[in-house]
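# Descriptive analysis of the structure
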Amino acid sequence: MSDYRKYIRNFSIIAHIDHGKSTLADRMIEKTGTVSQRDMRDQYLDNMELERERGITIKLQTTRMVFKSKDGNEYIFNLIDTPGHVDFTYEVSRSLAACEGAVLVVDATQGVEAQTLANVYLAMDEDLEIMPVLNKIDLPSARPDEVRDEIEEVIGVDASDAPLVSAKEGTGIEELLEEIVAKIPAPNGDENDKLKALIFDSYYDNYKGVVIYTRIFDGEVKEGDVIRLMNTNKKYEVTEVGVYSPGPVECKSLKAGEVGYICASIKHVADARVGDTITLDSDPADEPLPGYKKVQSMVYCGIYPAEGEKYENVKDALEKLQVNDAAFHFEPETSTALGYGFRCGFLGLLHMEIIVERLEREFDLSVITTSPSVIYKVVKTDGTVLMVQNPSNLPNPMEIDHIEEPMVKADIMVPKEYVGSIMEICQERRGRMIHMEYITKTRVNLHYEMPLNEVIYDFFDALKSKTRGYGSLDYEFIRYEPSKVVKLDILLNKEMVDAFSMIVHESKAYSRGRFVCEKLKEIIPMHQFEVPIQASIGQKIIARETVRAYRKDVIAKCYGGDISRKKKLLEKQKEGKKRMRQFGTVEVPQEAFTAVLKYDDNK
Amino acid sequence: MTITSSDNSIGLYVHIPFCLRKCRYCDFLSFECHDERALHQYAEALLREISTRYEEWPYKIVDSIYIGGGTPSILAAEDMKRIMDGIKDNFTVADGSEITIEANPATIDEQKLETYLESGINRISIGTQSFDSTILNLLGRAHDKNDALNAIRTAKKAGFKNINVDMMFGIPGQTSKMWRDSLRQCIFLRPEHISLYSLQIEEGTPFYKMMEKGTLEPAPDRVDREMYHDAISMLQQAGYNHYEISNVSLPGYESRHNLKYWSYREYLGLGPGASSFIGGHRFKNTSSVLDYLQFIKAGLPPVKQEDVEHYSQRDEMGVFVFTGLRKTGGFDIRDFEDTFGTDFFDVYDPAIITKMRGLIEMNGFVMKLTEKGLDVSNKVMAEFV
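Residues numbered from 1 in each chain as written. Chains lettered and ligands numbered in written order. Predicted model: local features only at pLDDT ≥ 70, side-chain atom pairs only at ≥ 80, totals over all residues.

A tally of helices and strands in chain A yields 13 helices and 32 strands. When the 603 residues of chain A are sorted by exposure, 48% land in the buried category. Across chain A, every contact between residues at least 6 apart in sequence was considered, and the portion connecting residues at least 24 apart equals 69%. (Helix = DSSP H or I, 4+ residues; strand = E, 2+ residues; numbered from the N terminus. Buried ≥ 20, exposed ≤ 12 C-beta atoms within 10 Å, placed from the backbone. Contact = placed C-beta atoms within 7 Å.)

In structure tokens, the structure reads:
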């Protein structure tokens, strides 16, 4: 083995949300002196405002640190961060593929969670060395011995000498860094072989174009090389290579075993797909690295400019987001109710929420999102198959032979006292239990098969609410299954509002119809006329509510010539109207669109 | 020398922020006060404000004065007379000016009224609200039905030729019959002017708290509007002219001062919390009585920076329109164009008229609310601000 590789350690940190991954990463950065204490801000790696706020990592960050070990040598640590949510499994798997080891952070008060497990399995798939660490050891409720046993029992890794740390207090970090040197293998590879480098993330930079995060497995890459992306088969000339520590630092070349970035004037993130293999055009590798797949959107929804917002602005923002997020895509569509907008595809519901929030925050846009939908497989009577992700595109019922919906395998991990309520909410959502296992004496893993459509609606909210936040969920697509789904329409003042239409299972149509009507009744303000709100399947009305008419909207007394008070009142009224959307003669506040999707505890 | 009023004459509003007791629905700037010395001190402060204010606007001719509250009649008659003298000594008050004082039926006596008349006050506005003792009691008024009747009779006897009576509807527990009976009683007494107020339950009032606790059920909108329309038609039949959303009068007795607010005319407010629109400025005196007294003591106008409004031309246009629409006769868009020097429909999309069809109407150059529009005036007005 080349000498330089002996001193490299490439690893990820895997953890459940809230188990302290980001804080731990911060401590490591701080301890190794990568960032001076003065420049340190909380959770260095989560550099999107949204990420810090939600306490989750969305975009990857990778950081090179130099650690001076007790053995007298300096080691280069490449910490490859992974996104911490179920929607981003593929991205996690590619990040892990770039490592030799994974530091598994387990909260010493909480134990192993479904998502931890899901990520551990991904790490096992990549044959990584898994190194458990117990975090939050400072808390009085920490129970390290029990959690150690749990790790050994559930995951089957030796946790007897797992470092005990408190990322918050900064204790045990030194020991952890030494453990990384000792436990995690140095990378293999041959810098003289043909170039093989894995893209595990990328982002768009206004000046450099797409910046690719990569792990070099074999060979060497430097400025001026012409590279070829083996799966998309596109060629680019390298303009810059470097490493992040944690800011970009240009270097001469990246060699086998190293982790860094490559810029090659690439215009779209979608052109440098995660999982693709980089090789040299002049001397290409025989075959790409395994594991590449094109990400598939699982959830779709319409995004429309809100009243007063310009279509072009929304389009520009979506384009900018897409440039940075290969998993997100959109195309123009029109709605009778909402006008011109976009059909957008996401990895999952969280991914969708993040995009919408970023539109609102980073671009200061106000948008309306329609009910999220999965992709239905519609088999027509003439035998043709149609993939439908917009309820409005569902063909006439007469032309439909049957419809299939996507099913997922859902693993739900909960403390045993919540098993009953979880079974209840799964059953309500047409889940089929495959089996149930006790992971420990107190914790249960429930395996369900469930329609994705039920999962994306409000399942996660319901799960959190029923288990007081202790339940965790992991799911993946398994297959399409025939299902009796129908299109549920909402009519306001007898006119259908297509933006409210959704595809639901027959058995849920009545309760959903009622729920939406009730919600809209609460939200739609009184008009000068009665507004009937109806839910229908085809011609059949299945639920109805009425917003009564108001008759009075006056301020009688204008006290002592205080015009400004009255003016403010009228302005407030006008401002309120701006947030309204006009459908025919009915005004609907914009929050109505999200409100009809919210989980209702009292339901 | 006779001084006649003109379109440029201003109105004076004088605020007396004290009451015998605070009504349960009241969110006006007013405090319970029984301390005669404090009331006297306040009158002194007002007098000082009058003279400093005059120095700011020496060329303005006053043709309406409105002394409101609170309960102005709570002041000693002598103090009121001194205030009136102060106004006349400083400002130029046109002949035939309309000079109104608000009075609570519980604080009226003949002698007081005579002093008012002597001091030049020629119009009295009586806060009757209702002729039903149960309702008066619920409202927390300091008077009962007999006081109400007596007050109006006393005012007439004392020689007031222009009397306004406040009447309130949409009160919890008030039936349509109770309302019509009160109105009949009122019409029988034939005051020259009647103000009709729909009860608004405002935040921070005892009524609001009661409503939140569920012990007070506000009158449904439907009942409230029924009462309003009942009242208007009864009063019109009795010969009253419905000239402003909540005011009717016998012909020729429209309140000049009240109309100033709705006709984009100037007015100057005196006393804490009083609003002014004068010389293109809009401001409000400080609402704190203590601060007010401090300002006056220091010889300064009692206006804090935050109480000065900075309206753009477009803001002013909005005010012109929504105040103009308060008048049942509406406003003439040519007046708008004269005031602002722009075409009305360059500022406002003509589509508003179509959009507000049924609520607003244009007859020639006059724009006004329809009968239906009067009920939802805010909705229409919001289109123009």
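For the rest of this paragraph, the subject is the overall build of chain B. Summing up its helical and strand segments, chain B has 16 helices and 17 strands in all. Looking at chain B as a whole, 46% of its 385 residues qualify as buried. Residue pairs in contact within chain B that sit at least 24 positions apart in sequence constitute 72% of those at least 6 positions apart.

A few words now on the packing of helix H3 (residues 110–118) of chain B against helix H5 (residues 145–158) of chain B. Helix-helix packing: each pair is described by the crossing angle between the helix axes and the interaxial distance. Residue and element names in this part refer to chain B. At a closest axis distance of 9 Å, the pairing of H3 and H5 adopts a crossing angle of 45°. Relative to H5, the element H3 is oriented oblique. Our pair here, H3 against H5, has a crossing hand that is right-handed. Contacts between H3 and H5 involve Glu-110, Leu-113, Glu-114 and Leu-117 from the former and Thr-154, Ala-155, Lys-157 and Ala-158 from the latter. Residues of the contact of H3 with H5, tallied by class, amount to 4 nonpolar, 1 polar and 3 charged. (Axes fitted to C-alpha atoms, helices over the stretch in contact; angles between N-to-C directions. Parallel < 35°, antiparallel > 145°, perpendicular 65-115°, else oblique. Left-handed = near helix turned anticlockwise from the far one by under 90°. Nonpolar A, V, L, I, M, F, W, Y, C, P; charged D, E, K, R; others polar.)

Attention shifts here to the sheet that holds strand S7 (residues 209–218) of chain A. All names here are of chain A. The strand order across the open sheet formed by 8 strands is S10-S9-S15-S6-S7-S14-S11-S12, and the pairing between neighbours is antiparallel. Every other strand in the sheet has two partners, leaving strand S10 (234–237) and strand S12 (248–250) as the edge strands with one partner each. The sheet shows a mean angle of 40° between the axes of neighbouring strands, direction not considered. (Pairing = 2+ DSSP bridges.)

Take the confidence of the model for chain A next. With 91% of its residues at a pLDDT of at least 70, chain A reaches an overall mean of 84. In the predicted structure, residues 40–60 of chain A sits below a pLDDT of 50 and forms 51 contacts with residues beyond four places in sequence or in another chain. (pLDDT = per-residue confidence, 0-100.)

We now examine H3(B). Residues and elements named next belong to chain B. Among all positions in H3, only Lys-112, Leu-113 and Tyr-116 are buried. With its buried residues spanning 95° around the axis, H3 presents them on a single face. Residues of H3 that are exposed and angled more than 90 degrees away from the buried face: Glu-110, Gln-111 and Glu-118. The secondary structure elements touched by the buried residues of H3 are helix H2 (77–90), strand S5 (92–103) and H5. Phi turns positive one or two residues past the end of H3, at Gly-120, with a value near 105°. (Arc of directions from axis to C-beta.)

What follows covers the sheet that holds strand S18 (residues 339–346) of chain A. Residue and element names in this part refer to chain A. Strand order in this open sheet of 4 strands is S17-S18-S16-S19, and the pairing throughout is antiparallel. The sheet is open, and its two edges are formed by strand S17 (329–335) and strand S19 (367–369), each paired on a single side. Neighbour-to-neighbour, the strand axes of this sheet turn through a mean angle of 30°, independent of strand direction. In this sheet, S18 lies alongside S17 in antiparallel orientation, the contact comprising 7 bridges. Counterpart to Phe-330 in the pairing with S18 is Cys-344. Strands in contact with helix H8 (residues 349–361) are strand S16 (299–305), S18 and S19; relative to S19, the strand with the most contacts, it is inclined by about 165°.

What follows deals with the interface of chain B and chain A. In this assembly, 33 residues from chain B lie in contact with 22 residues from chain A. Elements supplying a minimum of two residues to the side of chain B that touches chain A: strand S1 (10–16), strand S8 (193–198), helix H8 (221–237), strand S11 (267–270), strand S12 (275–278), helix H11 (313–324) and helix H16 (377–382) of chain B. Ranked by residue count, the leading element in the side of chain B that touches chain A is H16(B), at 5 residues. For the side of chain B that touches chain A, a count of residues per class yields 14 nonpolar, 11 polar and 8 charged.

So, on to the pairing of strand S22 (residues 400–415) of chain A. Residues and elements named next belong to chain A. Where strand S20 (residues 376–380) meets S22, 4 bridges bridge the pair, whose relative direction is antiparallel. If you follow Val-379 over to S22, its bridge partner there is His-402. Bridging between S22 and strand S25 (residues 472–483) involves 11 bridges; their strand directions are antiparallel. Within S25, the residue paired with Glu-404 across the bridge is Pro-482. Bridge count between S22 and strand S24 (residues 443–451): 9 bridges; the pairing is antiparallel. Looking at S24, one finds that Pro-415 is bridged to Arg-443.

Our next topic: H2(B). Residues and elements named next belong to chain B. With 14 residues, H2 extends 20 Å from end C-alpha to end C-alpha; this agrees with the ideal 20 Å at 1.5 Å per step. Within the span of H2, buried status applies to Asp-79, Met-80, Ile-83, Met-84, Gly-86 and Ile-87. Within H2, the buried residues cover an arc of 155° as seen down the axis, which keeps them to one side. (Expected span 1.5 Å × (residues − 1).)

Residues and elements named next belong to chain A. Turning to its location among the elements, Tyr-90 is positioned in helix H3 (residues 89–97). Look at Tyr-90 and you get buried, because 20 C-beta atoms sit within 10 Å. Separated by 203 residues in the primary sequence, Tyr-90 and Lys-293 have C-alpha atoms spaced 8.4 Å apart. The residues touching Tyr-90, leaving out its near neighbours within four places in the chain, are Lys-293 and Val-295.

A word on unusual backbone geometry. Here the bond from Gly69(B) into Gly70(B) is cis, since omega is 20°, no more than 30 degrees from zero. Tracing the backbone shows Gly70(B) in the loop between strand S4 (61–69) and H2. Phi angles above zero are rare outside glycine, and Asp127(A) is one such case at about 65°. Mapped onto the secondary structure, Asp127(A) falls in the loop between helix H4 (114–125) and strand S5 (129–135). The class for Asp127(A) is exposed, based on 9 C-beta atoms found within 10 Å.

Note on placement: Leu176(A) falls in helix H6 (residues 173–183). Sequence separation of Leu176(A) and Ala162(A) is 14 residues, and the distance between their C-alpha atoms is 8.7 Å.

Turning our eyes to something else, we now look at the pairing of strand S9 (residues 241–244) of chain B. For a regular strand, side chains alternate in direction, first toward one face of the sheet and then toward the other. All names here are of chain B. For S9 and strand S10 (residues 247–249), the ladder comprises 3 bridges, and the chain directions are antiparallel. Pairing of Glu-244 across the sheet is with Asn-247, part of S10. Between the antiparallel neighbours S9 and S10 lie 2 residues.

All names here are of chain A. The contact between helix H9 (residues 419–428) and helix H10 (residues 452–466) brings their axes to 10 Å, and the two run at 160°. With respect to H10, the element H9 is oriented roughly antiparallel. You can see that H9 and H10 cross each other, and the crossing is right-handed. Across the interface between the two elements, Ser-421, Ile-422 and Ile-425 from H9 touch Ala-462, Leu-463 and Lys-466 from H10. Its residues assigned to classes, the contact of H9 with H10 shows 4 nonpolar, 1 polar and 1 charged.

Once that is clear, we can look at the nonpolar core. Core analysis: the largest hydrophobic core is formed by 165 residues, its most contacted members being Ala102(A), Val103(A), Leu104(A), Val133(A), Val221(A), Val299(A) and Ile412(A). Residues within four places of Ile412(A) in sequence aside, it is in contact with Ala114(A), Ile422(A), Leu446(A), Tyr448(A), Leu463(A), Gly471(A) and Leu473(A). By size, the runner-up hydrophobic cluster in this structure holds 96 residues, among which are Ile16(B), Val165(B), Ile201(B) and Phe207(B). (Core = buried A, V, L, I, M, F, W, Y, C linked by C-beta atoms within 7 Å.)

The subject of this paragraph is the environment of Leu394(A). Inspection of the secondary structure puts Leu394(A) in the loop between strand S21 (385–388) and S22. Not counting chain neighbours up to four residues away, the residues in contact with Leu394(A) comprise Val378(A), Val388(A), Lys487(A) and Ile503(A).

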